[in-house]
Amino acid sequence: MSRSVRRPQNETDEPLLRVENLTKHFPVNTGFISSLRWNSSGGFPLGLDDKSVRAVDGVSFDLYPGETLGVVGESGCGKSTLARTLLGLTDPTDGAVKFRGMRTTTFGSDEKREFRRNAQIVFQDPQSSLNPRRKAGNIIADPLEAAGWSEEERRERVLELLGQVGLKEEHYGRYPHEFSGGQRQRINLARALSINPDLVIADEPVSGLDMSVQAQILSLMQDLQDEYGLTYLFITHDLSVIRNVADRVAVMYLGDFVETGPVERLFTEPHHPYTCALLEAVPNPDPDVRGVEPRLVGDVPSPSDPPSGCKFHTRCPELIVPDPFTREEYHEYMAFRSDVQDENLQTDVEPAAVRAHYFGGDLPPDVERTIESAVSHAADGDWDDARAALAEYRSPCEAEVPELQSVADGHLLACHLDAEEREAFSW
Ligand code: SF4
């Protein structure tokens, strides 16, 4: 399935980076023995376990020269794997990355070298990404040395870069531990920019820094973008960080883009419940605006066994509830059904006790009959029949994968709620 975000076209612009249906799955088990599926009695192997971690599950986007695309989502939603796959640090499972119109997987050695020069990454943790035994000047000069610059040229360029990132000449000979976190990130930026790349992928570049240092680094990144005409892909778990930095935002959940659009629009008129939940988690800087209670509960499900349909449905506060349930009743029903699915139901007690364990009040008569039937099948050990009985009720959010569709110019959304049901959310 393709998830795309396309900027409204300016006819003369060619994208610097075009990503088409990019997919990166990792096998869950790497060993042959551990990848065998065994029959229930532990006898002959049934075949190979084809489970995989679906870290990036088919994303598409264009990145234009000089712009910043923010990619936002919680940890474990695939952002960093996306970055590594874009740069060729890991091979894609499917799809294509095109840099200036050329597929990166078809690059010969010269083109690969040129791509590595043109596309740099800045990692989150400036401490661990700097070799503690090497001086700052030498670290910054590494890409220049690899590109064949002479020692004198390297020194001159490093001194120039130190000034551009707000450090001093005297910092050239110091070791990473002699710098603060913010200064170490400046060294990282200087190294990334040393050979004039076109594209910088910044993976959580200000996480772990305190607020005032974050602001300084973000401002520095913007200055450097203006000066060098850089194109940024800015990855973060914190939406507030990119409001003043990004031109467009892609919200990522479990390997998919679920909402994409111009940054200001996404902040003022978000449509996806996940985007709204991320926004609710951001403290409002206006003391007169009362904070809202974040509605995002639970952890991101495992990408090796993602939920069916809309992957956000297990946590979505706006889940579409099938007739004849109320929202609360359907959540109880889902918990009950999940335990039947996993054969976790207690079957050695009275059926009424099983029912009371999951459901707080009276339910519509048809639903009561379905639950009774499932409990009875489970008590007889007929788990498949129990599961089949409960399949009668299913939210469209669990059944169908929502495709990204346009809700306004340049604003795309993957959600089954219709326009009326999507309450515009202001932050
Ligand atoms: S499709 Fe359903 S579960 Fe997914 S975000 Fe929309 S309302 Fe929520």
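Residues numbered from 1 in each chain as written. Predicted model: local features only at pLDDT ≥ 70, side-chain atom pairs only at ≥ 80, totals over all residues. Heavy atoms only, no water.

1. Focus on helix H3 (residues 136-146)
Okay, step 1: Among the residues of H3, Ala136, Gly137, Ile139, Ile140, Ala141, Pro143 and Leu144 are the ones counted as buried.
Okay, step 2: Where H3 is buried, its residues meet helix H4 (151-164) and helix H5 (181-193).
Okay, step 3: Phi turns positive one or two residues past the end of H3, at Gly148, with a value near 90 degrees. (Buried < 20%, exposed > 50% of the residue type's maximum accessible area, 1.4 Å probe, protein only. Helix = DSSP H or I, 4+ residues; strand = E, 2+ residues; numbered from the N terminus. Contact = heavy atoms within 4.5 Å.)

2. Quick look at the side chain of Ser395
Okay, step 1: The residue Ser395 is located in the loop between helix H13 (383-390) and helix H14 (396-399) in this model.
Okay, step 2: Beyond its immediate chain neighbours, meaning those up to four positions away, Ser395 contacts Leu319, Ile320, Pro322 and Tyr330.

3. Side note on H13
Given 3.6 residues to a turn, an α-helix orients residues that are three or four positions apart in the same direction.
Okay, step 1: Buried residues of H13: Trp383, Ala386, Arg387, Ala389 and Leu390, and no others. Taken end-on, H13 shows its buried residues confined to a sector of 160 degrees, consistent with a single buried face.
Okay, step 2: Contacts made by the buried residues of H13 are with helix H10 (327-341) and helix H12 (365-379). (Arc of directions from axis to C-beta.)

4. Considerations on the confidence of the model for the chain
The predicted coordinates ought not to be read in detail in places where the model reports low pLDDT.
Okay, step 1: Here the chain averages 88 in pLDDT, and 88% of its residues register 70 or above.
Okay, step 2: Below pLDDT 50 for its whole length, residues 32-48 participates in 21 contacts with residues either more than four positions away or in separate chains. (pLDDT = per-residue confidence, 0-100.)

5. A closer look at the packing of aromatic side chains
Okay, step 1: Within the structure shown, the criterion is met by 13 aromatic pairs.
Okay, step 2: Taking 5.0 Å as the distance between ring centres and 70 degrees as the angle between the ring planes, the aromatic pair formed by Phe325 and Tyr330 counts as edge-to-face.
Okay, step 3: Owing to a relative accessible area of 9%, Phe325 belongs among the buried residues under this scheme.
Okay, step 4: In this structure an aromatic cluster arises from ring pairing among Phe325, Tyr330, Tyr333 and Tyr393.
Okay, step 5: Over the face of the ring belonging to Tyr172 we find Arg155, whose NZ or CZ atom lies 4.2 Å from the ring centre. (Phe/Tyr/Trp six-rings, centres within 6.5 Å; stacked < 30°, edge-to-face > 60°. Lys NZ or Arg CZ within 6 Å of the ring centre and 35° of its normal.)

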